[in-house]
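Residue-level structural notes
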Amino acid sequence: MNLVWLLSICVLYIGAFPEGASTSRPDVVNVGAIFTFNTINGKVARVAMKAAEDDINSNPNILAGTNFSILMHDSNFSGFLGIIGALKYMGTDTVAIIGPQNAVMAHVLSHLANELHVPLLSFTALDPTLSPLQYPYFVQTAPNDQFQMTAIADMISYFQWGEIVAVYSDDEQSRNGVTALGDKLAERRCRIAYKAALPPDPTATRSDVKDQLVKIQMMEARVIILHTFSRTGLLVFEEARNLGMMERGYVWIATTWLSTILDSVSPLSSKTANTIQGVLTLRPHTPDSRRKSVFMSQWDKLSNGSIGFNPYGLYAYDTVWMLAHAVDLLLDQQGTISFSNDSYLSRVGGGTLNLSSLSIFDGGKQLLNNILQTNMTGLTGPIQFSPDRSPFRPSYDILNVIEDGYKQIGYWSNYSGLSVVTPETLYTRPPNRSSSSQNLYSVVWPGGTTEKPRGWVIPNNGRKLRIGVPNRVSYQDFVSGSRVNGTDTVQGYCIDVFLAAIKLLPYAVPYRFILFGDGHKNPSYSELVNMITTDVFDAVIGDIAIVTNRTKIVDFTQPYIESGLVVVAPVRKSNSSPWAFLQPFTPNMWAVTAAFFLIIGTVVWILEHRINDEFRGPPRKQLVTILWFSFSTLFFSHRENTVSTLGRVVIIIWLFVVLIINSSYTASLTSILTVQQLSSPITGIDTLVTSNERIGFQVGSFAENYLTEQLNIPKSRLLALGSPEEYAIALKNRTVVAVVDEQPYIELFLSDHCQFKIRGQEFTKSGWGFAFPRDSPLAIDLSTAILTLSENGELQRIHKKWLSRKACGSQATSNESDELQLQSFWGLFLISGAACFIALLLYFCSMIRQFSRHVPEESHPSTGASSRSTHVRTFISFVDEKEEVYKSKSKRKREHALSDSHVKEDETRNSSKRSQMGSSQQRHDSEIWIN
């Protein structure tokens, strides 16, 4: 569309521009500049560009004698005049154009630049949608509005506001900037509640502004972002002051247009100064340097006092120098500057149009590359471009307008967000965007207060808050309503909680209750909640369950009562049984207990058998002793004394176990015989789901969807019931086997119907809350109020007033058996069993040691199985033999062995004597023979 407009303008433009091409280094390089010089930035840019032109031409180190000429054209707020100026420059061998001043013209002229390869450099047309992919020859030399809107979004998040109103001029730059702001706010879970579009600057009238501000005044949000230009911006503030919108409670954040006024128009008129008190604004941040200070000190002389200095003057100065360096590099690379005809324009440019004068700059692409590869230090600091062509490390000063001017409350940088430390200092540290590192100094807000505004109010539009209330026909203790002469009157537990919470808010909330439902049956609560999203209601209160599907479309307050689905079913009294004494333990428990009695008796018998006469005797007597001793420990009446240490240890541990089991049995049996026992085939939701019986639920409750969608129960099994009376009739007549409903309802139902009981536990966990539109700040404030009610006891008092009932209403039967399970005692049995095992192990180790020491080996050799069998029989006999008998036998054996040894010694001595006598006789006989 812009291209069509461009061609149409070309038809109207008639002129003759001489052709020419340089064959050597030119004497003059022409650069165009298109601005509206009657604006603040236009005036500042004109002075700064002229100063840069003079400095370049007086510097012998650049352009080597080639004169750098800036031709300025005043577009005078006119897009048409802007196009005329661009065509004039592009027909006079201009190598680049600085400008245009606004994004509207930038979008149009960029098509010309693309076609003719003439770079456009702008430090004021900062529309974030001027993409280098679509407009490769357009270069923004100052941070575009994407960064400014990120800074504002960070400020909104820092002050914890959720909604804002955007007021803007309806042109490309302002409109696209607000769109970028919406995207950045969404990343921080904030949003633009309303966009107020004004006619493009400077055509907006006072009535246009007033109409939009009146609408905003009737809205909830009180944080207003003003993204426009100076004339429209000041007009907005004047009308806002007249409407009382510059008072306490409002927040105004203006974009950089206001900082240019604060810097360049000094002093401000008292009317303007009073109008903008408490406003926050942004200013492009430029680091301090000696060159910057020198330039600023010369400003009054350069401008002749016509306009004050602002940072865009620095960007204008640096843009000219950036372009001069790029042209100087181009001349070093190519030596010449040449232009060629556009063959397409030559073909279509018949008649008197002379479009052939619009020549293509042959070195345009190379010049553009030189510009993008710039790496220098200017008045604005380091100058270079990132791959997406954004300037290096964009940052802003954050200003707060006060009575005597303004104060700086901090900085924003794309490196570390909000801070009170200069960005240059932060660049020396690792980047840190954590919430704890975001800081600003205190702010003086509109109305002169330093207390942070809440950022929203109840809309002052003459319409009260429309609060939907379910028109229940059952359980009216929670919510009940009636219509008298067209007025809805409501009461109940939920209503009292809401009224108590609303009284705690620090501001007035006008509201009116509107009943929802026909009064013949309970309404659909899901439908009621959905009406918030369709703007039928501003809020919904009552017994509204907080469930997943509803939280996706509305916001809930803090729950004010716990709730969850439970199963209620009829129960019957259990008949008394002659075998009731067996009920305290499960069969497994009985079996394990009996087994341990026998084990303990056997272990003690083994440990005591050799040394205790009470555990000896005929086998029959010993068996009776084991059984008697085992079970007599149940009553601590065993008469047999234990002698061995190991046996006493085992008995002590076992008696402790028996004490615990006996006490538990007694307590459980007492409960069974004295407390009313109830039974039902339904023990909880699990048995209910697996059965094929019908299930009742309350009309309008979310229980139906939960049972069908989450538990996959067929709808044919479900029966809608509308009142507690219908519950009771359906349960008594076995129309339904159980009813599934939320616990608060069931507790109220059971207070009048004690023949039914809750079976099992809650199988969902939720609560009741009040519903509001998404991101409603009223939901947050009411949540705080509900927590206060809970802490001061008011919530409990309201509960007691409406829901206090007799005891049976709160009694629920458990689906767990009253029998004591083995799992409760396995630790005791484990300890007792381990003691028995260790005692037996030590005992048998002792027996084996004694056996090996005191039982002699068989004198005759034996091998194989007969030897092992003999040893086993001997060992068993040894263990079975009483220790005293064994000791006496051992003593006799030792005495016998001792006497045998004495006899052998005598025989040995006698034999020795006989031997000696024989030897003497032989020597004597020998001597006689010799002689």
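Here we summarise the structure given alongside this text. (Residues numbered from 1 in each chain as written. Predicted model: local features only at pLDDT ≥ 70, side-chain atom pairs only at ≥ 80, totals over all residues. Heavy atoms only, no water.)

Considerations on the overall build of the chain
Where we set the bar: Numbering goes from the N terminus for both helices and strands, where a helix is a DSSP run of H or I of at least four residues and a strand is a run of E of at least two. Think of it in three bands: residues with accessible area under 20% of the maximum for their type are buried, residues over 50% are exposed, and the middle band is partly exposed, with areas taken using a 1.4 Å probe on protein chains only. By definition, residues are in contact when any of their heavy atoms lie within 4.5 Å. Every accessible area reported is derived by Shrake-Rupley at a probe size of 1.4 Å, with residue values counting cover from the shown protein chains alone.
Along its length, the chain carries 31 helices and 33 strands. Taken across its 931 residues, the chain has 50% of its residues classed as buried. The contacts of the chain with a sequence gap of at least 6 include a subset with a gap of at least 24, amounting to 74%. Accessible surface, the chain as shown: approximately 44,800 Å² in total, 54% of it carbon and sulfur.

Concerning the pairing of strand β25 (residues 565-570)
In plain terms, the rule: Note on pairing: DSSP must find at least two bridges between two strands before they are called paired.
The buried fraction of β25 amounts to five of the six residues, a majority that puts the element mostly inside the structure. With four bridges joining them, β25 and strand β31 (residues 756-759) adopt antiparallel strand pairing. Opposite Ala569, over in β31, you have Lys757 as the bridge partner.

Some points on the packing of helix α17 (residues 493-503) against helix α27 (residues 777-792)
Threshold: Axis definition: a line fit to C-alpha positions, over the contact stretch in the case of helices; interaxial angles, taken between N-to-C directions, run 0 to 180 degrees. Oblique is the label for any angle not covered by the other classes, which are roughly parallel (under 35 degrees), roughly antiparallel (over 145) and roughly perpendicular (65 to 115). Basically, the charged four are Asp, Glu, Lys and Arg, the nonpolar ten are Ala, Val, Leu, Ile, Met, Phe, Trp, Tyr, Cys and Pro, and anything else, Gly included, counts as polar.
Where α17 contacts α27, the two axes come as close as 8 Å, and the packing angle between them is 105°. Taken together, the axis directions place α17 and α27 in an arrangement best described as roughly perpendicular. Side by side, α17 and α27 meet where Val497, Phe498, Ala500, Ala501 and Ile502 of the first sit next to Leu782, Ala785, Ile786 and Leu789 of the second. Taken together, the residues that form the contact of α17 with α27 break down as nine nonpolar, no polar and no charged.

What to know about the packing of aromatic side chains
Keep this limit in mind: Aromatic rings from Phe, Tyr and Trp, with only the six-membered ring used for Trp, were paired whenever their centres fell within 6.5 Å, and each pair was classed as stacked if the ring planes differed by under 30 degrees, edge-to-face if by over 60, and tilted otherwise. A ring is scored as having a charge over it whenever the NZ atom of a lysine or the CZ atom of an arginine sits within 6 Å of its centre and within 35 degrees of its normal.
Within this structure, the stated rule accounts for 32 aromatic pairs. Taking the centre distance of 5.1 Å and the plane angle of 80° together, the rings of Phe478 and Trp768 count as edge-to-face. Taken together, the residues span a long stretch of sequence, with Phe478 in the loop between β18 (465-470) and β19 (480-484) and Trp768 in strand β32 (residues 766-768) at a distance of 290 residues. Given the relative accessible area of 0%, Trp768 is considered buried. Among the aromatic residues, those joined into a cluster by ring pairs are Tyr475, Phe478, Tyr727, Tyr745, Phe749, Phe756 and Trp768. Lying over the aromatic face of Phe37, Arg46 brings its terminal NZ or CZ to 4.6 Å of the ring centre. One cation-aromatic arrangement involves Arg393 over Tyr415; the distance from NZ or CZ to the ring centre is 5.4 Å.

Description of empty space enclosed by the protein
Where we set the bar: Of the grid points, spaced at 1 Å and generated over the protein atoms alone, those admitting a 1.4 Å probe that cannot get out make up cavities, while open sets with protein on both sides within 12 Å along at least five of seven lines make up pockets; any residue with an atom within 4 Å of a point is treated as lining. Grid points are joined across faces, edges and corners, and a volume is the space filled by probe spheres set on the points.
The full count for this structure, using the stated rule, is two cavities of 30 Å³ or more. Across the lining of the largest cavity, the residue classes tally to five nonpolar, three polar and four charged. Considering the residues around the second largest cavity, the lining is formed by Leu126, Ala142, Pro143, Asp145, Gln148, Thr256, Pro284, Tyr312 and Tyr396.

With respect to the nonpolar core
Soluble globular proteins tend to pack their nonpolar side chains together in the buried interior. As a reminder, the rule being used: We call a set of buried Ala, Val, Leu, Ile, Met, Phe, Trp, Tyr and Cys residues a nonpolar core when their side-chain atoms join them within 4.5 Å.
In terms of nonpolar packing, the biggest core is built from 106 residues, with Val95, Phe237, Trp252, Leu323 and Leu367 touching the most fellow members. Of all the elements, helix α13 (residues 311-334) adds the most residues to this core, at 14 residues. Once you skip the residues sitting within four places of it in the chain, Val95 turns out to touch Val29, Asn30, Val31, Val118, Pro119, Val327, Ile337, Phe339, Phe361 and Leu367. The next biggest cluster of nonpolar side chains, apart from the first, holds 88 residues, and it includes Ile467, Val547, Leu565 and Leu778.

A few points about the layout of surface pockets
Computed from the structure, the largest pocket encloses a volume of approximately 880 Å³. Together, 43 residues line the largest pocket, and Thr39, Gln101, Asp201, Phe229 and Ser230 are the ones closest to its centre. The biggest single contributor to the lining of the largest pocket is helix α9 (residues 256-264), with four residues. When grouped by side-chain class, the residues that make up the lining of the largest pocket number 17 nonpolar, 21 polar and five charged.

Here's the deal with the sheet that holds strand β6 (residues 163-169)
The strands making up a sheet associate through hydrogen bonds between their backbones, and the pairing can be parallel or antiparallel. Read from one edge of the open sheet, eight strands run β7-β6-β8-β9-β10-β15-β16-β17, paired in mixed fashion. With partners counted over all chains shown, the strands left at the sheet margins are β7 (191-198) and β17 (417-419), one partner each. When strand polarity is set aside, the average angle formed by the axes of neighbouring strands in this sheet is 25°. Pairing geometry for β6 and strand β8 (residues 223-227), over four bridges, is parallel. Note that in β8 the partner of Ala166 across the bridge is Ile225. Docked against the sheet, α9 engages β8, β9 (251-254), β10 (280-284), β15 (395-402) and β16 (405-413), running at close to 80° with respect to β10.

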